[in-house]
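Spelled out, the chains give:
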Amino acid sequence: MRMLEEFFPEFTEKLDEIDKLYAEKRMIDEKTYQFICFALSIKARSKPCVLKHFKGALEAGATVKELSYIFALVMREAAGADDCWTHDVIGDWKEILKGNISCSCEK
């Protein structure tokens, strides 16, 4: 967020405030919090966040084996979700082939 820090510091300050609020109101332990953030970071494909929460989880007492399990879980669930979503989108493939379904992006 270097560009935002430079040109819209008020926004990044608000994000910092939200982070503080999360920490104050957190109802789960640190390790669980880091596990959730690690999983979300993988799905979001955020390298800095994956690294941050991998390290944070280790500091909270997680093992590499636990993190590997979460990594595998995210990959499996993401694959399942991607598979289900794609099947929903092209489920009427026979109608698509007949030309009875069009893409809204076509002009």
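Please read these numbers as outputs of a predicted model, since none were measured by experiment. Every chain is numbered independently, its residues counted from 1 as its sequence is written. With pLDDT at 70 or above as the cut-off, local features in this predicted model cover only qualifying residues; side-chain atom pairs require 80 or more to be listed or tallied, and sums for whole chains, interfaces and linings still use all residues. Excluding hydrogens and water, the side-chain values take into account all heavy atoms of the structure.

What to know about the nonpolar core
- Residues enter a nonpolar core if they are buried and are Ala, Val, Leu, Ile, Met, Phe, Trp, Tyr or Cys, with the set joined through side-chain atoms within 4.5 Å. The rule is simple: take the accessible area with a 1.4 Å probe, protein chains only, and divide by the maximum for that residue type; under 20% is buried, over 50% is exposed, in between is partly exposed. Counting residues in each nonpolar core, the largest one holds 9 residues, listed as Phe 35, Phe 38, Ala 39, Ile 42, Ala 57, Ala 62, Leu 67, Ile 70 and Val 74.
- The helix count covers DSSP runs of H or I at least four residues long, the strand count covers runs of E at least two residues long, and both are numbered beginning at the N terminus. At the level of secondary structure, the elements contributing two or more residues to this core comprise helix H3 (30-44) and helix H5 (64-90).
- With 4 residues, the single largest contributor to this core is H3.

Comments concerning the layout of surface pockets
- Using protein atoms alone on a 1 Å grid, points that fit a 1.4 Å probe yet trap it form a cavity, whereas open point sets bounded by protein on both sides within 12 Å along at least five of seven lines form a pocket; residues with an atom within 4 Å of a point count as lining. Grid points are joined across faces, edges and corners, and a volume is the space filled by probe spheres set on the points. In this structure, the largest pocket occupies an estimated 480 Å³ of space.
- Lining the largest pocket are 21 residues, with Asp 19, Tyr 33, Cys 49, Lys 52 and His 53 sitting closest to its centre.
- Among the elements of the structure, helix H2 (9-25), H3 and helix H4 (47-59) are those that each provide at least two residues to the lining of the largest pocket.
- Lys, Arg, Asp and Glu make up the charged group, whereas Ala, Val, Leu, Ile, Met, Phe, Trp, Tyr, Cys and Pro make up the nonpolar group; the residues left over, Gly among them, are polar. Within the lining of the largest pocket, the residues separate by chemical class into 10 nonpolar, 6 polar and 5 charged.

Considerations on a negative patch on the surface
- A contiguous patch of negative charge, built from Glu 5, Glu 10, Glu 13, Asp 16 and Asp 19, is present on the exposed surface.
- Of the residues forming the negative patch, the biggest block, 4 residues, is contributed by H2. Note on patches: the residues involved have over 30% relative accessible area and no salt bridge, like charges join within 9 Å, and the nonpolar side chains Val, Leu, Ile, Met, Phe, Trp and Tyr join within 5 Å. Areas reported here follow the Shrake-Rupley algorithm with a probe of radius 1.4 Å; residue values treat only the protein chains shown as occluding. By salt bridge we mean one thing: a side-chain nitrogen of Lys or Arg within 4 Å of a carboxyl oxygen of Asp or Glu. For the charge count, each Lys or Arg is scored as positive and each Asp or Glu as negative, with His and the chain ends excluded. Where a charge sits is defined by one atom per residue type, namely NZ (Lys), CZ (Arg), CG (Asp) or CD (Glu).

Section: H4
- Taking 1.5 Å as the rise per residue, H4 with 13 residues should run 18 Å; its terminal C-alpha atoms sit 18 Å apart, in good agreement.
- Those residues of H4 that sit buried are His 53, Gly 56 and Ala 57. Taken around the axis of H4, the buried residues stretch over an arc of 100°, which confines them to a single face. H4 presents Lys 47, Pro 48, Leu 51, Lys 55 and Glu 59 as exposed residues on the side facing more than 90 degrees away from its buried surface. By definition here, a helix of n residues has an expected span of 1.5 Å times n minus one. It is the directions from the helix axis to the C-beta atoms that the arc portrays.

Observations concerning the environment of Asp 83
- Along the chain, Asp 83 falls in helix H5.
- Residues Asp 83 and Asp 19, spaced 64 residues apart in sequence, show a C-alpha to C-alpha distance of 33 Å.

Considering the packing of H3 against H4
- In this analysis, axes come from line fits to C-alpha atoms, helices being fitted only over the stretch in contact, and the angle between any two N-to-C directions falls in the range 0 to 180 degrees. Put simply, H3 and H4 touch, their axes get as near as 8 Å, and they point 160° apart. Put simply, H3 runs roughly antiparallel to H4. The element H3 and its partner H4 pack so that their crossing is left-handed. Contacts between H3 and H4 pair Gln 34, Phe 35, Cys 37, Phe 38, Ser 41 and Ile 42 from the former with Cys 49, Val 50, Lys 52, His 53, Phe 54, Gly 56 and Ala 57 from the latter.
- The residue inventory of the contact of H3 with H4, partitioned by class, reads 8 nonpolar, 4 polar and 1 charged. For classification purposes, angles smaller than 35 degrees are called roughly parallel, those larger than 145 roughly antiparallel, those between 65 and 115 roughly perpendicular, and all remaining angles oblique. When the near helix sits turned anticlockwise from the far one by under a right angle, the crossing is termed left-handed; a clockwise turn instead gives a right-handed crossing. In what follows, a contact means two residues having at least one pair of non-hydrogen atoms within 4.5 Å.

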